[in-house]
Amino acid sequence: MHANAGQASRGNVDAEEVAKFEALAARWWDRDGDSKPLHDINPLRLDFIDARAGLAGKRVLDVGCGGGILSESMAHRGADVTGIDLGEAPLQAARSHAEEHGVAVEYRHLAVETLADEQPGRFDVVTCMEMLEHVPDPAAIIHACSRLVRPGGHVFFSTLNRTHKARLLAIVGAEYVLGMLPRGTHDYHRFIRPSEMAAWCRHAGLDVDEQTGLTYNPLTRHYRLAPDDVSVNYIMACRQPERT
């Protein structure tokens, strides 16, 4: 749900998207506020990542980290985490929360493309969650993530599928009916089909290992991972092939 940092120099940034999440920064850690869906899904995506990559002791990069919800939780699992984002206000919220709770995370106001030039192959794990649907050129972000991960390392992406069901649930339902998200959070035309994501990953040199859906039950108000249903939200797990 957040735009990544420093891409302004390369044009891969939407100022309006950044402004949306700048405005949310003060309430990022309010578990019953505008970021409630991120707090609710975080344990699911954290466990999904940890089960496949083994976070303890790993160097992890969280691209488009926003206020640091996922970054902090990965640090709690024993990872050495760096979070980058384009929004200075969300980063400040992330730094303040980490300091208050004694969590060691390095936060940088920096472009993923710039970091890929600086530190190619540095990270064991790269995550880019709920962000690709907010940038003009998501394929370029995927390519930069591929450059940043070491051979044999893991890369995780999550986003929204471009389906009529996703438009109904994620925009009409979540933003206008249930009020789970601020109106205007998402643009349906920027949603990404899994086939498109997989093609961009392969073009960037990544192997696609698996994908799983993330579904929401409005009656129970609970999320769950659903490998057989990627019609709305989904996570894609990739790996950088070992060099031979």
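See the structure above.
Let me begin by describing the structure that accompanies this report. (Residues numbered from 1 in each chain as written. Predicted model: local features only at pLDDT ≥ 70, side-chain atom pairs only at ≥ 80, totals over all residues. Heavy atoms only, no water.)

Remarks on unusual backbone geometry
Worth spelling out the cut-off: Here a strand is any run of E in DSSP of at least two residues, a helix any run of H or I of at least four, and the numbering for each starts at the N terminus. The buried label applies to any residue whose accessible area, calculated with a 1.4 Å probe on protein chains only, is under 20% of its type's maximum; exposed applies above 50%, and partly exposed to all values in between.
A positive phi angle, near 55°, is found at Glu-130, a position not held by glycine. Take Glu-130: it is sitting in the loop between β4 (123-129) and α6 (138-148). With relative accessibility at 6%, the residue Glu-130 sits in the buried group.

Re the sheet that holds strand β7 (residues 222-226)
Strands belonging to one sheet form pairs held by backbone hydrogen bonds; the direction of such a pair is parallel or antiparallel. Using the following cut-off: Pairs of strands are assigned from DSSP output, requiring at least two bridges between the strands. Helix axes use the C-alpha atoms of the stretch in contact, all axes being lines fitted to C-alpha atoms, and the angles between their N-to-C directions lie in the range 0 to 180 degrees.
Within the open sheet, the eight strands sit side by side as β3-β2-β1-β4-β5-β8-β6-β7. Their pairing is mixed. The open sheet has two edge strands with one neighbour each: β3 (105-109) and β7. Each strand of the sheet is rotated relative to its neighbour by a mean of 20°, with strand direction disregarded. In this structure, strand β5 (residues 149-160) lies alongside strand β8 (residues 233-239), joined through seven bridges in antiparallel fashion. By the bridge assignment for β8, Val-155 is matched with Cys-238.

So, the nonpolar core
As a reminder of what qualifies: In this description, a nonpolar core means a group of buried Ala, Val, Leu, Ile, Met, Phe, Trp, Tyr and Cys residues linked to one another through side-chain atoms lying within 4.5 Å.
With 31 residues, the main nonpolar core has Val-63, Val-126, Ile-141, Cys-145, Phe-157 and Met-197 as its most contacted residues. Where this core is concerned, the elements lending two or more residues are β1 (59-63), α5 (112-118), β4, α6, β5, α8 (194-203) and β8. Broken down by element, this core gets its largest block of residues, five residues, from α6. Core analysis: the second largest hydrophobic core is formed by 23 residues, Ala-53, Ala-79, Leu-91 and Ile-235 among them.

Examining the packing of α6 against α8
Stated precisely, the cut-off is as follows: For classification purposes, an angle smaller than 35 degrees is called roughly parallel, one larger than 145 roughly antiparallel, one from 65 to 115 roughly perpendicular, and anything else oblique. Should the near helix be turned counterclockwise from the far one by less than a right angle, the crossing is left-handed, whereas a clockwise turn marks it as right-handed. Note on definitions: a residue-residue contact is assigned when non-hydrogen atoms from the two residues lie within 4.5 Å.
Packing of α6 against α8 brings their axes to within 9 Å, and their N-to-C directions diverge by 45°. By the angle class used here, α6 and α8 are oblique. The hand of the α6/α8 crossing is right-handed. For the pair α6 and α8, the contacting residues are Pro-138, Ala-139 and Ile-142 in the first and Met-197, Trp-200 and Cys-201 in the second.

Quick word on the packing of aromatic side chains
Quick reminder of the rule: Pairing of aromatic rings covers Phe, Tyr and the six-membered ring of Trp, with a centre-to-centre limit of 6.5 Å; geometry is then stacked below 30 degrees between planes, edge-to-face above 60, and tilted otherwise. Charge-over-ring placement is defined geometrically: NZ (Lys) or CZ (Arg) within 6 Å of the ring centre, and within 35 degrees of the ring normal.
Under the criterion given, the structure shown has two aromatic pairs. Residues Phe-48 and Phe-156 carry aromatic rings whose centres are separated by 6.1 Å and whose planes lie at 80° to one another, so their mutual orientation is edge-to-face. Taken as a pair, Phe-48 in helix α2 (residues 36-53) and Phe-156 in strand β5 lie far apart in primary sequence, 108 residues in all. The exposure class assigned to Phe-48 is buried, which follows from its relative accessible area of 3%. The interplanar angle of 45° and the centroid separation of 4.6 Å between the aromatic rings of Tyr-216 and Tyr-223 together place this pair among those described as tilted. The ring of Phe-48 has Arg-52 sitting right over it, with the charged end atom 3.7 Å from the ring centre.

Observations concerning the side chain of Ser-73
Defined as follows: Contacts described as polar in this section are N or O atom pairs within 3.5 Å, which, within protein, must combine one atom able to donate a hydrogen with one able to accept it, while residues neighboring in sequence count only if both atoms come from side chains.
Checked against the element boundaries, Ser-73 lands in helix α3 (residues 69-76). Look at Ser-73 and you get buried, because its relative accessible area is 11%. There is a polar contact of 2.8 Å between the side chain of Ser-73 and the backbone oxygen of Leu-70. Excluding residues that lie within four positions of it along the chain, Ser-73 makes contacts with Asn-42 and Leu-46.

What about the pattern of salt bridges?
Under the convention used in this document: Note on definitions: salt bridges are taken to be side-chain nitrogens of Lys or Arg within 4 Å of carboxyl oxygens of Asp or Glu.
If you walk through the whole model with that rule in mind, you get twelve salt bridges. Ionic pairing is found between Asp-124 and Arg-150, a salt bridge with its closest N-O pair at 2.6 Å. Separated by 26 residues along the polypeptide, Asp-124 in strand β4 and Arg-150 in strand β5 bring together distant segments of the chain. Judged by its relative accessible area of 12%, Asp-124 falls in the buried class. What makes Arg-150 partly exposed here is its relative accessible area of 25%. The residue Glu-196 makes a salt bridge to Arg-162 at a minimum N-O spacing of 2.7 Å. In this pair, Glu-196 sits in helix α8 while Arg-162 sits in the loop between β5 and α7 (164-177), placing the two residues 34 residues apart along the sequence. Glu-196 gets classed as partly exposed once you look at its relative accessible area, which sits at 23%. Under the relative-accessibility criterion, Arg-162 is labelled buried at 17%.

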